[in-house]
Amino acid sequence: MTGKMECLVALYVSTSGGNGDELGADERELVQLVWQVVDLESNKIGEINEIVVRPDVEELSPDTFQLTGLTEQRVHAAEPLEQAIEQFNSLLSTELNKRHFCFCTDGQRHIRQVLHAEASKKNISLPMSFYSFFDLRKEFQTAFPSLAKHKELDLAIMCDCLSVTVDSALPSAAYQLQRIVQIIQALNTESVCHQFFTPDRVNTKFEIGTFSRLECVDDNTVIRARGLPWQASDQDIARFFRGLNIAKGGAALCLNAQGRRNGEALVRFESQEQRDLALQRHKHHMGNRYIEVYKATGEDFLKVAGGCSSEVAHFLSGDGHMIVRMRGLPFSATPQQVLQFFSGCQTTDAKDGLCQLKGTTVANGECPVAGGTAGILLVRYADGRPTGDAFVLFASEEHAQLALKKHKQRLGKRYIELFKSTAAEVTQVCNRFSSTPLISVAPSPLISMVPSPLATGMLPLVTGTFPLAAGIRDCVHLRGLPYDTTIQNILEFLGEFTADIAPHGVHMVLNTQGRPSGECFIQMASVERAFLASQRCHRRYLKEHCVEVFQCSHEDVRLLLRGGVVAPSGRGVSPPPCMSNPSYFPHMGMMLPMEAAGAVYPAHILLNTHQLPFYTTYYPSPPGSPPSLGYYPPGSSQCHTLPAPGHTLPTNTLNQAHQDALVTVPALLAAKQNVTEQSLGFGAPQLSWNRT
């Protein structure tokens, strides 16, 4: 909006809480709208108009009635905000008779901190006229730059400078409005000859974007929001700060070391003025949760949102404004199959169970993907293997909500989990998988570093549980097991190779939360039998899950537990796709305490456990609440035990516990005995968890 305005509408709002410089900071509701039209061509004014708004909570304080001049009867008879805005817009349109106008307020708070903030919470759409306005303090400073700084200006200073006097007997709202109107008239006189050209703007929507790590971000434009719901997206953050201008791509949700959202976000605003207004929303509510807002630095923001590959930058520069994350895709899934998944028209191939296209177009589907295949990003490891994750762009909130209704629907034989996502999460997840490792070889063997069980009270290591035989590839690695897999299921899966399992040779891998990770290592009697097992059992189905089987050595096992991956050929392993800071290495001397092991496995099942160091999570998973009790103590070169029952670990313990547990299940004879007992009708112990 450029050029001189025909009319200005002086606007003043009152809330049921603090007013003046505290307006909108206490999250209290709007109760009064007062306005008056100023014709800039003739410098004449119209009548004072007022609309009373009935708040959801009608208990107003006596001070509110005194300041606004309202009565309890008038408030009770008033319309709620949505109807009041419609009435206001209708009366104003009638008075102006299609003349070009813009609002003018004393500062930013009336429009940004009250009207937009409350309309957002009540899901009310404001007319476009509320998305631009003149800040009277800025206009006065432009006309008189040497008199006072913008932050020091108020109506009293401006009235004194312009020799404006107003009848103090008027009610507070009318009194303040008259001061605004007379200041506008004084600025519009020939002696001052100030012209109202460029109003302030309120962004109508949040735009996604990317940042370079080399970009300079002003520390005075960044805040940290804490206490966000786990399922909150960048659009939810933009809605919380509605009325304030967030920079393009300026809402970055933070992920913890496990790839889960930690309830925090870094938000970058267009100016320091916007950032200062955002700080006044400290402890305002997002739903039933209050959000803490603190100052942050540009460096903090770039650590979360900065740096992405050209592929990610191209994806985020697409036409879509909403991002959905997919988890659990088949490794052979293609962008065309993802398109077909969201179109709702897919068939199943009998050979591999994947959906095939039927010839229908996605444009006719239920929730079209923005840009077709260009709006789909399949996440891959550094060596090009798919991770089972994907990000999908949608053009609107409506399309994204339709897409999210397909949560846990099947693509072939796998159910797909869907979550709201953000541009910052896309960057973080892709960087996590594709980053260069800090070390390319496995650390030293662990057994020599394990403290004595007599001194620590830990479970003893049984001889032969995991012997160190360098270079001997007599183990197999099972990947893709169902989470409720039992030892009996594994024996049935291996079939003829069950007799070749070494004593105490089945090792189930638990993730950092003590749940099965879907992986297992089995030590075989010889290299030859391990090779044959990997060849004949590879890609067999177990409970409708396609299980991959690879031959590996003990060194490969240790590297795999640190985040390494089996090479596509099945020979050897690639280094971990992402390594954490070397400060995590002291964890190598830690073991799983007896109390923690007992909480995971029954006593008669668990023979021994030990901890292996862990530098990256296997799978950055979407939002989820962390456990209230951590089983793993903070990193140390010494062993620790769990706190007393009923006590919880400190919050930072959850962020420092980055170990996976390798749990050895009963030996072959005991397992076979369980199978026999089960066939005779006796209850056999099972190791089962629900998938989370």
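Before reading on, note that the structure itself is shown above.
Let us look at the structure shown here. (Residues numbered from 1 in each chain as written. Predicted model: local features only at pLDDT ≥ 70, side-chain atom pairs only at ≥ 80, totals over all residues. Heavy atoms only, no water.)

**Brief notes about the pattern of salt bridges**
- In total, this model carries 22 salt bridges according to the counting rule given.
- A salt bridge links K122 to D56, with the nearest nitrogen and oxygen atoms 3.7 Å apart. Taken as a pair, K122 in the loop between α4 (109–121) and β6 (132–135) and D56 in the loop between β4 (49–52) and α1 (62–68) lie far apart in primary sequence, 66 residues in all.
- Classification of K122 as partly exposed rests on a relative accessible area of 26%.
- For K543, the salt bridge identified is with D484, shortest N-O distance 3.5 Å. Within this pair, whereas K543 is found in the loop between β24 (540–542) and β25 (545–552), its partner D484 is found in the loop between β21 (475–479) and α16 (487–494), the two being separated by 59 residues in sequence.
- Via salt bridges that share partners, E29, D56, E118 and K122 belong to a single interconnected network. (Salt bridge = Lys/Arg side-chain N within 4 Å of Asp/Glu carboxyl O. Helix = DSSP H or I, 4+ residues; strand = E, 2+ residues; numbered from the N terminus. Buried < 20%, exposed > 50% of the residue type's maximum accessible area, 1.4 Å probe, protein only.)

**Here's the deal with the nonpolar core**
- One finds L228, I237, F241, F269, I323, F391 and V426 to be the most contacted residues of the largest nonpolar core, which totals 38 residues.
- For this core, the element with the most residues is helix α14 (residues 423–434), which contributes five residues.
- Dropping the residues within four chain positions of it, I323 is found in contact with I208, L316, F391, V392, L393, F419, K420, S421, T422, A423 and V426. (Core = buried A, V, L, I, M, F, W, Y, C linked by side-chain atoms within 4.5 Å. Contact = heavy atoms within 4.5 Å.)

**A look at the sheet that holds strand β9 (residues 246–255)**
- Reading across from one edge, β9-β10-β8-β12-β11 is the order of the five strands in this open sheet, with antiparallel pairing throughout. At either margin of the open sheet sits one strand with a lone partner, and together these are β9 and β11 (284–286). Each strand of the sheet is rotated relative to its neighbour by a mean of 35°, with strand direction disregarded.
- Sitting on the sheet, helix α10 (residues 298–305) is in contact with β8 (222–226), β9 and β10 (261–269), with an inclination near 70° to β9. (Pairing = 2+ DSSP bridges. Axes fitted to C-alpha atoms, helices over the stretch in contact; angles between N-to-C directions.)

**With respect to unusual backbone geometry**
- Although it is not a glycine, K98 adopts a positive phi angle of roughly 70°.
- Mapped onto the elements of the fold, K98 is located in the loop between α3 (81–96) and β5 (101–105).
- Overall, the relative accessible area of 84% leaves K98 in the exposed class.
- Phi at K283 is positive, roughly 70°, even though this residue is not glycine.
- By the secondary structure assignment, K283 is in the loop between α9 (272–279) and β11.

**Describing the sheet that holds strand β17 (residues 386–394)**
- Read from one edge of the open sheet, four strands run β16-β17-β13-β20, paired in antiparallel fashion. Since the sheet does not close on itself, it has two edges, and those belong to β16 (376–380) and β20 (417–421), each with one partner. Strand-to-strand twist across the sheet, computed as the mean angle between neighbouring axes with direction ignored, equals 25°.
- Both strand β13 (residues 322–327) and β20 contribute to a ladder of five bridges, which runs antiparallel. If you follow V324 over to β20, its bridge partner there is K420.
- Running over the sheet, helix α12 (residues 335–343) touches β13, β16, β17 and β20 and is turned about 125° from β16.
- Relative to the sheet, helix α13 (residues 397–404) contacts β13, β17 and β20, its axis offset from that of β20 by approximately 155°.

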